[in-house]
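Structure assessment
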Amino acid sequence: MTEPLSKQYDPAAIEGPLYEQWQDSGYFDADPDAVLRGDREPYVIVIPPPNVTAVLHMGHGLNNTLQDLLIRWKRMQGYEALWLPGTDHAGIATQNVVERLLAKEGKTRYDVGREAFVERVWSFVEQTGSTILQQLRAIGASFDESRTRFTLDEGLSRAVREVFVRLYEDGLIYRGNYIINWCPRCHTALSNEEAEPEETDGRLYHLRYPLAAHHPDGETGSAPPTTSGETSSAPPDPSGETGGAGELPTLPDGRPYLVVATTRPETMLGDTAVAVAPGDARYESLVGQRVELPLTGRTIPIVADEWADPEFGSGAVKVTPAHDPNDFEIGQRHGLDVLDVLTTEATLNDNAPEAFRGLDRFEARERVLAALEAQGLVEKVEPHRHAVPHCYRCGTIVEPRLSVQWFVKMKPLAEPALEASRNGEVRFTPERWAEGCEEIVVARETPERCPTCGGTELEQDPDVLDTWFSSWLWPFSTMGWPDDTKDLAAFYPTQTLSTAPEILFFWVARMIMAGLRFLDEVPFTDVLLHATVRDHHNRKMSKSLGNGIDPLDVVERFGADALRYTVVAGAAIGTDIQLNYEDLEEAFAPGRNFANKLWNAGRFALMNLEGHAIRAVDDIVDELEPADRWILARLNATIADVTRHLDAFRVHEAADAVHTFFWSEVADWYLEMLKPRLYDDAPEASRAAARATLVEVLDGVFRLLHPIMPFVTEALWLRLPWPQGVEREPSLVVARWPEARADRDWSADVERMQALQELIGTVRTLRGEYGVQSGRKIGIELTNVPARLDEALQAETRAVQRLADVEAVERVDGADGRAGAHAVLRDGAELFVPLEGVIDVVRERARLADEIQRMEGLLKGTARRLENQDFVSKAPEDVVSRERDKKASLEDQLERLRRKRRSLEPGVS
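Report follows, based on the coordinates. All values reported here derive from a predicted model rather than from experimental measurement.

Tallying secondary structure elements over the protein chain gives 26 helices and 23 strands in all. Counting the 909 residues in the protein chain, one finds 51% classified as buried. Taking contacts inside the protein chain between residues at least 6 apart in sequence as the whole, the part at least 24 apart equals 76%.

For the rest of this paragraph, the subject is the pattern of salt bridges. Opposite charge on two side chains lets them pair, provided their charged atoms get close. Following the criterion strictly, the structure yields 66 salt bridges and no others. For Arg-255, the salt bridge is made with Asp-253, and the minimal N-O distance between the two is 2.8 Å. According to the relative accessible area criterion, Asp-253 is exposed, its value standing at 52%. Through salt bridges with shared partners, a single ionic network connects Asp-618, Glu-696, Arg-741, Asp-743 and Arg-744.

On the secondary structure map, Glu-836 appears in the loop between strand E23 (830–834) and helix H24 (841–867). Classification of Glu-836 as partly exposed rests on a relative accessible area of 48%. Residues Glu-836 and Ala-819, 17 residues apart in the sequence, show an inter-C-alpha distance of 6.2 Å. Beyond its immediate chain neighbours, meaning those up to four positions away, Glu-836 contacts Arg-818, Ala-819 and Val-841. Only 3.5 Å separates the side chain of Glu-836 from the backbone nitrogen of Ala-819, close enough to count as a polar contact.

The biggest cluster of nonpolar side chains holds 200 residues, and the ones touching the most others in it are Phe-588, Leu-598 and Leu-759. Of the residues forming this core, the biggest block, 13 residues, is contributed by helix H19 (residues 651–674). Once residues within four sequence positions are removed from consideration, Phe-588 is found in contact with Met-58, Ile-549, Val-554, Phe-558, Ala-562, Leu-563, Thr-566 and Leu-579. Formed by 33 residues, the second largest nonpolar core is a distinct cluster that contains Val-274, Leu-348, Phe-356 and Leu-369.

What follows covers unusual backbone geometry. Note the cis peptide between Thr-429 and Pro-430, where omega equals 0 degrees. For Pro-430, the position within the fold is in the loop between strand E15 (427–429) and helix H11 (474–477). Put simply, Trp-481 and Pro-482 share a cis peptide bond, and its omega is 15 degrees. Tracing the chain through its elements places Pro-482 in the loop between H11 and helix H12 (486–491). Positive phi, normally seen in glycine, also occurs at Leu-295, with a value near 75 degrees. Position of Leu-295 among the secondary structure elements: in the loop between strand E10 (290–293) and strand E11 (298–304). With a phi angle near 65 degrees, Ala-346 is a residue other than glycine that sits in the positive phi range. Following the sequence through the fold, Ala-346 ends up in the loop between helix H8 (325–334) and helix H9 (361–374).

Criteria and cut-off values
- Residues numbered from 1 in each chain as written.
- Predicted model: local features only at pLDDT ≥ 70, side-chain atom pairs only at ≥ 80, totals over all residues.
- Heavy atoms only, no water.
- Helix = DSSP H or I, 4+ residues; strand = E, 2+ residues; numbered from the N terminus.
- Buried < 20%, exposed > 50% of the residue type's maximum accessible area, 1.4 Å probe, protein only.
- Contact = heavy atoms within 4.5 Å.
- Salt bridge = Lys/Arg side-chain N within 4 Å of Asp/Glu carboxyl O.
- Polar contact = N/O pair within 3.5 Å; in protein donor to acceptor, adjacent residues only side chain to side chain.
- Core = buried A, V, L, I, M, F, W, Y, C linked by side-chain atoms within 4.5 Å.

Right under this line is the structure:
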């Protein structure tokens, strides 16, 4: 006999050794030849590669659990399942991490030199990359380690170059000037998604630009004075009756001026125009004239452009084409000069006046303001809270910067991808994330919906090549493309991508574009957009908030199965998961408790099964008892439910279905009904049927649960005695997924058992309501018993006696006036529980009378409040609503108490 299972489930002693056995047995390795020969259909998932800059977080824990669940399930269904792992180099983010490590040594990358720094980066990548794979192993990820890829592998880099050249040769890549998000610290361009906006308390500076005197040569001169000759901070007269410079406010020397506002005064040194709205009567006569650009000795034109908002500020806008994307567009429309006044480090360059050259942008801001104030050219300064973009890697404030960039013409790539979404080649779960039409909307203000299709899922076009470019190719570059490899032939296209919704547009959509462009096939057929993990305050988990959960901490304390079940059970489609990072015991109790329940039930079963010959259920169908047929029918229905839910990616419903079946039906009912039949005094035929049924039920449960909870199910399944003459697979990893059987129609047994369960449950409820002590045997009487309940009682009277602490079940014609509890079952049967001699009836009546009196007082108080019109009309609506709900609840409780008391009155039936 094998060594008995430990009394307590110890995941630390089980999970590591089991995972090593699985790996050593090659269960996770995919065979392309099996696909190419036609032996098996492929099922492939490529992992969204985690960045090597940090350890995995709870979002990774969720996503990788979902991927592993799908891979294990499809492997059990007989597919040649490949889960292809890999990591992402994360570009500048990795460089930043290594630079921070150097800083702790008091060094910079320049101190160690380029070659030594590159060596440091690769050393870090190799170390963290292997750490990430080890973390994935800890949660049970069944990936094919032999196919691990890294985004800077030589093969993947060659694929990137191949794609770049092909797009260039096809005229889809070109170079041009554009305003980019530039990080002066990382020296890299950032996509809009990587320039994270942060609400910041800043200032809005209103500056005075004097009107330049008209000279044919365009030189600065003195403007004619206004009629008032007074300085004014007010905008010009909006009536437009006189118009022209004569209505502008003036400086003390009489020069009229325009007021422009900016949050970045240092950039005014690069202004090349001032823009006003076309038709703005205040400035219409000034269009074409010039203003002096303070501190520079230059004059710049006044232009009319739709971008200028006449309702904002003074209605005049400074235009700095080299340092603002909107100003760049204005400059393109009016042929303005483009003057870049900042270096890549965000210091003032030689295009700025000599007094400011070499200054950091923030120091230059203060110097510029001081110089303007000295000349009386600062109108006012106001507090201004606004969103300031920061580098997501290092936190530095991002600088809009003119740069020569590579561009991809997205429309020729996007149109086939959009069509693939519309015609169902790529399916999105949940469906609300599917892409809309291909309409291009050009608008100054962000539109709420597409004017063509009405869709609300709009994407702002990033318009430039970004750091995600190499990841477009991940589904096929990892399989050896552009070479014609065996893996590519067998495993592309893949079947499912599981990822977060926030990278749908700048990764998922681009992979679809790339797959269609270079292999004429979509890279995957289904996209599962999983939930976001949040804390118990509904905040997204993040390092800055300190509210994250380390998956490895959870595994170490409760085991991988506890983590996996908890996140899967909470991963309802279209909703987020909330976990209490302050109380991991509470957060992961669902998974921990379920694993313990499985272990305890399995331990009980094995103690009663080991050492006995087990027969196959199909060999002894005629010997099965009603409870056996009921639980096997429920197993059959659960198999169908779980499979249907997984087919639809409703993983949480699959988890709930098997959890409910095992906990509420197998453990709470069948095992309790089974216990007397497992002992030596039961007939041998009954014992044999019980053992055969228990093995088949547990085998089905462990198979259904294995993709979700692989470790505890494998540990118990391997110990499960097996029917004689029936071949068993070596591991659940490669075991057959159960299929619902159509040849077992035991629906009548299910109906009979449901009637019996209701009876037992009602007796238990009445015992609790009337305070009958646990273990105290009682009698019950039944009237108007329908056929299915009658049949169930004939077969399972002992189950009622055992599970409801009932010593006798009697059939009677009706109640005879004794004190007791009454109930009517759903099928019409009437239940009576005599209570005289079981409880102190007189004392219970008195207790109920006191409770009724107390409840009546509460109800009167609530009713008086609701009758008070001042309260109803003046109190907040939610307060009044709660009071009404309270009244309804009190009325219900009071009626039940009165009914209970009446049932204990002598002579009341």
